[in-house]
Every structure is written in structure tokens, then in C-alpha cells.
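If you want the building blocks of each chain, they are given just below.
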Amino acid sequence: LSPLAMGAGFGAGLGLALASSAFIGGSFVLKKKGLLRLCGRSRAGQGGHAYLREWLWWAGLLCMGVGEAANFAAYAFAPATLVTPLGALSVLVSAVLSSIFLNEQLNIHGKIGCILSILGSSVMVIHAPQEEEVSSLESMAEKLKDPGFIVFAVCVLVSSLLLIFVAGPRYGQSNVLVYVLVCSAIGSLSVSCVKGLGIALKELFSGKPVLKEPLAWVLLVCLVICISTQINYLNKALDIFNTSVVTPIYYVLFTTAVMMCSAILFKEWQHMVLDNIIGSISGFLTIVSGIFLLHAFRDMPFTPTLLPLFLQPGRADPHPPWSSADRHQSCQHQPLLPSEDKGSQSAEEEEEE
């Protein structure tokens, strides 16, 4: 691991990221439980806000707030590419809790997908790129002025507006990607705001006059706007579609967007060696494969009849297959000889006639 990962900051960031995944994974289930209790009232999927009167939804929002706060602190202690992949654990928590409290099926494919997500996250953490050092708001301001990041931010905002005002009214009720893409794209910008505010808090605790810096307030306002947008459209997606569908797709798209934003803003991949590049890409593809298994085959029942015959319960032969008592019964080619003889005899009789 990099020197940053070997230090105390990595340990703190890792612990906070794990706690964040647990709270965020549970928040999906609590909010879905609250949305299901609306019972025909104005639902979030149709633009209603009746869920604001459900205490379960508020409990889920509180859990998400705690998780996001822990995630906020984790980004302040460790690079984004160390913290973001651990969000796969929130998919695992959400899938397990959904199968328990929401009666959503978690078959063998989903369990394998959860394991793959954990393995892929571990690989990505091991091969995480070294983040370029950003220790002050001045250096953060210089990075935000980079032309590459400005182009990326403009593309994110334009695409989000098109999804909200053009694609949303037409395809939002039938395509899960519409609202989830909005959350993921805006979320990549919120991570940048979180990183900058984490640096501002460090400087504030060290005695610097951070409150007089305009950049800190700009980052705070942008973060509030981004989080509000994410919560709104995530509620729409959760109300319309299954939790086990929204959660993994949101994770994959959000992780991809954050990795792109971090690579552009902090130049994380610029000084990486080849084996770490391959390891990071392989770990991310492993996570995507696990999320795909968790999502694509969630409604496919895995019954014992799909197993090989020798693994099916009650189908095993109690007698040895080559015992002398059953040897004459297990000859599958024995009936072919009489049938061939009968066929040849009938052919000879037809020739004689």
C-alpha cells in the first residue's frame, strides 16, 4: 500500500467507511419500508411528499445522515478511491436486510454477488492509486480551476438537467437508469465538495481563519444542493423500483462517476505503476460482476433440480453402480441389440415377399 494508506489516516478512513456502509445500507431498507406504508396516498413516484409523515422514512433519513457524515469524515482522512469502493458493503447490507424485513428474495446468485463485491472492494483498496496531495484550500481552489474539471462539471450539470426535465417525464416511471443517473452524476460533484470541506475543517481546527474564505462557503452551498437533489431522486427511484434493483445500480454508477471525477480533479492515476492500474481495474470489474449477479438473477429461483444428479437430495443411488446384482439392469445399450435384430429380420421378410 501507499505511505498514506499505511498511516493512521488510512485506518481512520477505513473504519469510518465501514460504518458508513452499514448505516447507508440500513437506510435504504428503512426508507423503503416507510414508502410502502403510504397505502395509496400521494407517493414519491408521482411527485407526492406523503412520505414526510412516516417516521420510518425519517429513521432511514437519519441513518443515511449518519452514514453520510461518517463518509464525509472518511473522505477527509483517505483518498476517494480508497473510500468509494467500500460502498459495495452497503449493497451487501441492503440486500441482506431487504431479504429479512422486506421479503425480497436473495438467492444463491445474490449471495455470490455479495461475496464478489467484497472481494473486488478489497482488491481496489490494495491497489488504490496515490492521491495527489491537497493540504489547503488554496491548492483545492487551483485544482477546481483546472480546465479538465470544469469541462467535466459542465457535462455533469447539462446531462443531469436533460435527465430531469426531458427524460424524467417520459421514461422515469419505466426505466430505472433515469433517476439513478441523476443521483450518481450529482454525487460525483458532492464528493469533491466533501473533500474540500474536509480540508477546510482541518484548517479550522488548526486555527486558520477558514470562515473568511469564500471557497468554503461555496463548497458548503454546493454540497447542500447536491445532497438535496440526490435524496429527492433517490426517493423517486426507490418508490418506483425494487430496492435490490436501485441499490446495486446506484452503487456501480456512483462509483464510476466518483472515480472519473477524482482522476480528473486530483490526478490520481498519473503516477501509478502498471500492476496497480490493472489491480484497480480488475477490482472494479469484480465489483461490477458481483453487482450484476445480485441484480440480474434476483428473481430466478434456484431449486435443487438445477443441481447435478449426484448432488440432488434423494436422487443418489443407494446401491453401488457396478455391483453384480444391478449390473444387468444398468446396461443402457442392451435394448439396442434386440431392436436391431428385429429390424433386420423384418427387412429380410420383406425381401422374401
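The rules we used
Residues numbered from 1 in each chain as written. Predicted model: local features only at pLDDT ≥ 70, side-chain atom pairs only at ≥ 80, totals over all residues. Heavy atoms only, no water. Helix = DSSP H or I, 4+ residues; strand = E, 2+ residues; numbered from the N terminus. Contact = heavy atoms within 4.5 Å. Areas by Shrake-Rupley, 256 points an atom, 1.4 Å probe, with all protein chains shown as cover. Expected span 1.5 Å × (residues − 1). Buried < 20%, exposed > 50% of the residue type's maximum accessible area, 1.4 Å probe, protein only. Arc of directions from axis to C-beta. Phe/Tyr/Trp six-rings, centres within 6.5 Å; stacked < 30°, edge-to-face > 60°. Patch = residues over 30% accessible without salt bridge, like charges linked within 9 Å, V, L, I, M, F, W, Y side chains within 5 Å. Salt bridge = Lys/Arg side-chain N within 4 Å of Asp/Glu carboxyl O. Axes fitted to C-alpha atoms, helices over the stretch in contact; angles between N-to-C directions. Parallel < 35°, antiparallel > 145°, perpendicular 65-115°, else oblique. Left-handed = near helix turned anticlockwise from the far one by under 90°. pLDDT = per-residue confidence, 0-100. Polar contact = N/O pair within 3.5 Å; in protein donor to acceptor, adjacent residues only side chain to side chain.

1. With respect to the overall build of the protein chain
So, step 1. Across its full length, the protein chain holds 13 helices and zero strands.
So, step 2. Secondary structure elements in the protein chain, listed N-terminal to C-terminal, are α-α-α-α-α-α-α-α-α-α-α-α-α.
So, step 3. Within the protein chain, counting contacts between residues at least 6 apart in sequence, those at least 24 apart form 81% of the total.
So, step 4. Looking at the protein chain as shown, the accessible area adds up to about 18,700 Å², and 68% of this sits on carbon and sulfur atoms.

2. Quick word on helix 6 (residues 108-126)
So, step 1. Counted at 1.5 Å a residue, the expected span for helix 6 with its 19 residues is 27 Å, and the 27 Å between its end C-alpha atoms agrees.
So, step 2. All of the buried residues in helix 6 are H109, G110, G113, C114, S117, G120, S121, M124 and V125. Looking straight down helix 6, one finds that the buried residues subtend no more than 140° of arc, so they occupy a single side. Of the residues in helix 6, the exposed ones pointing more than 90 degrees away from the buried face are I115 and I126.

3. A few points about the environment of I240
So, step 1. For I240, the location among the structural elements is in helix 10 (residues 214-240).
So, step 2. Judged by relative accessible area, I240 falls into the partly exposed class, the value being 23%.
So, step 3. Spatially, the C-alpha atom of I240 lies 6.7 Å from that of Q173, the residues being 67 residues apart in sequence.

4. Considering the environment of I108
So, step 1. Relative to the elements of secondary structure, I108 occurs in helix 6.
So, step 2. As for I108 and L294, which are separated by 186 residues in sequence, their C-alpha atoms are 9.0 Å apart.

5. What to know about the packing of aromatic side chains
So, step 1. The final tally for this structure, using the stated rule, is three aromatic pairs.
So, step 2. Aromatic pair Y250 and F254: ring centres 5.7 Å apart, planes at 20°, arrangement stacked. A residue pair is termed a helical-turn pair when its members lie 3 or 4 positions apart in one helix, as Y250 and F254 do in helix 11 (residues 243-266) at four residues.
So, step 3. For Y250, a relative accessible area of 13% puts it in the buried group.
So, step 4. For F254, a relative accessible area of 14% corresponds to the buried category.
So, step 5. In this structure an aromatic cluster arises from ring pairing among F28, Y250 and F254.

6. Looking at a nonpolar patch on the surface
So, step 1. The grouping of I150, V154, V158, L161, L162, F165 and V166 at the surface amounts to a nonpolar patch, some 650 Å² of accessible area in total.
So, step 2. Counting through the fold element by element, L162 comes out in helix 8 (residues 147-171).

7. Re the environment of C183
So, step 1. Mapped onto the fold, C183 is located in helix 9 (residues 177-205).
So, step 2. Here C183 falls in the buried class, since its relative accessible area comes to 1%.
So, step 3. Distance in space between the C-alpha atoms of C183 and Y250 is 7.6 Å, their sequence separation being 67 residues.

8. Details of the packing of helix 7 (residues 137-144) against helix 9
So, step 1. The contact between helix 7 and helix 9 brings their axes to 10 Å, and the two run at 160°. Considering the angle they form, helix 7 stands roughly antiparallel to helix 9. The hand of the helix 7/helix 9 crossing is left-handed. Residues L137, E138 and M140 of helix 7 touch helix 9, and the partners they reach there are S192, G196, I199, A200 and E203.

9. Observations regarding the confidence of the model for the protein chain
So, step 1. In the predicted model, the protein chain carries a mean pLDDT of 76, and the fraction of residues at 70 or more is 75%.
So, step 2. Averaged over each element, pLDDT in the protein chain is lowest for helix 1 (residues 3-6) (44) and highest for helix 8 (91).

10. Section: the side chain of S188
So, step 1. Looking at the element boundaries, S188 is found in helix 9.
So, step 2. Using a relative accessible area of 1% as the deciding quantity, one classes S188 as buried.
So, step 3. At a separation of 2.6 Å, a polar atom in the side chain of S188 contacts the main-chain carbonyl oxygen of A185.
So, step 4. Filtering out sequence-adjacent residues up to four positions away, S188 remains in contact with F152, V156, F254, A257, V258 and C261.

11. As for helix 7
Every α-helix winds through 3.6 residues per turn, so residues three or four apart in the chain are directed the same way.
So, step 1. For helix 7, every residue scored as buried is listed here: L137, M140, K143 and L144. Seen end-on, helix 7 carries its buried residues on one side only, within an arc spanning 115°.

12. Quick look at the side chain of S192
So, step 1. With respect to the secondary-structure elements, S192 resides in helix 9.
So, step 2. Judged by relative accessible area, S192 falls into the buried class, the value being 4%.
So, step 3. When residues no more than four places from it in sequence are discounted, the contact partners of S192 are M140, F149, C261 and L265.

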